[in-house]
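Residues per chain, in single letters:
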Amino acid sequence: MNISLSALRISAALALTALVGLQSGCLVVAAGAAGAGTVAYIRGELESSVNGRYETVVSAANEAIGDLKFARISENQDALTALLIARTADDKKIEVKVTKVTDTVSKVQIRVGIFGDETISRTILDTIKGNL
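Residues numbered from 1 in each chain as written. Predicted model: local features only at pLDDT ≥ 70, side-chain atom pairs only at ≥ 80, totals over all residues. Heavy atoms only, no water.

Visitor: How should I be thinking about the environment of K69 in this particular structure?
Guide: Within the fold, K69 resides in the loop between helix 2 (54-67) and strand 3 (71-77). For the pair K69 and A86, spaced 17 residues apart in sequence, the C-alpha to C-alpha distance is 9.7 Å. (Helix = DSSP H or I, 4+ residues; strand = E, 2+ residues; numbered from the N terminus.)

Visitor: I'm lost on the pattern of salt bridges in this one. Help?
Guide: Oppositely charged side chains may form a pair once their charged atoms are brought near each other. Counted according to the given criterion, the structure contains six salt bridges. For the salt bridge of D117 with K92, the shortest nitrogen-to-oxygen distance reads 3.2 Å. Pair noted here: D117 is in the loop between strand 6 (105-112) and helix 3 (118-131) and K92 is in the loop between strand 4 (81-87) and strand 5 (93-100), with a separation of 25 residues, a long-range link. Taking relative accessible area as the criterion, D117 reaches 18% and is therefore assigned buried. Looking at K92, the relative accessible area reads 29%, which means it is partly exposed. Between K100 and D103 there is a salt bridge, with its nearest N and O atoms 3.4 Å apart. (Salt bridge = Lys/Arg side-chain N within 4 Å of Asp/Glu carboxyl O. Buried < 20%, exposed > 50% of the residue type's maximum accessible area, 1.4 Å probe, protein only.)

Rendered as structure tokens:
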């Protein structure tokens, strides 16, 4: 087998480019999650930045839990972060975390169960947005 040195260099360069492209894609997703209105589902957690004052988004999240008839377990809140805990009818734990980012943007993080449930998480997020 006769492989030229230039062919090896080209193959190595293509492999390196693909590797960098994959890694930078992860960075693009994470960076995109920082802008208002963006949504990312990573490792079982749905994260979205929404346009809305912190207090308004917390209220909308509480309404969403009621609208979806989840069993409300607890709520811990301070001036910057709120953590709402609820349970589904089949006893999956729901955690909704709202964090103040700016005066007009809040971050919402939703996890359903241990490993996450994207469908339920997106339903909760859509309900929160509908309540804003």
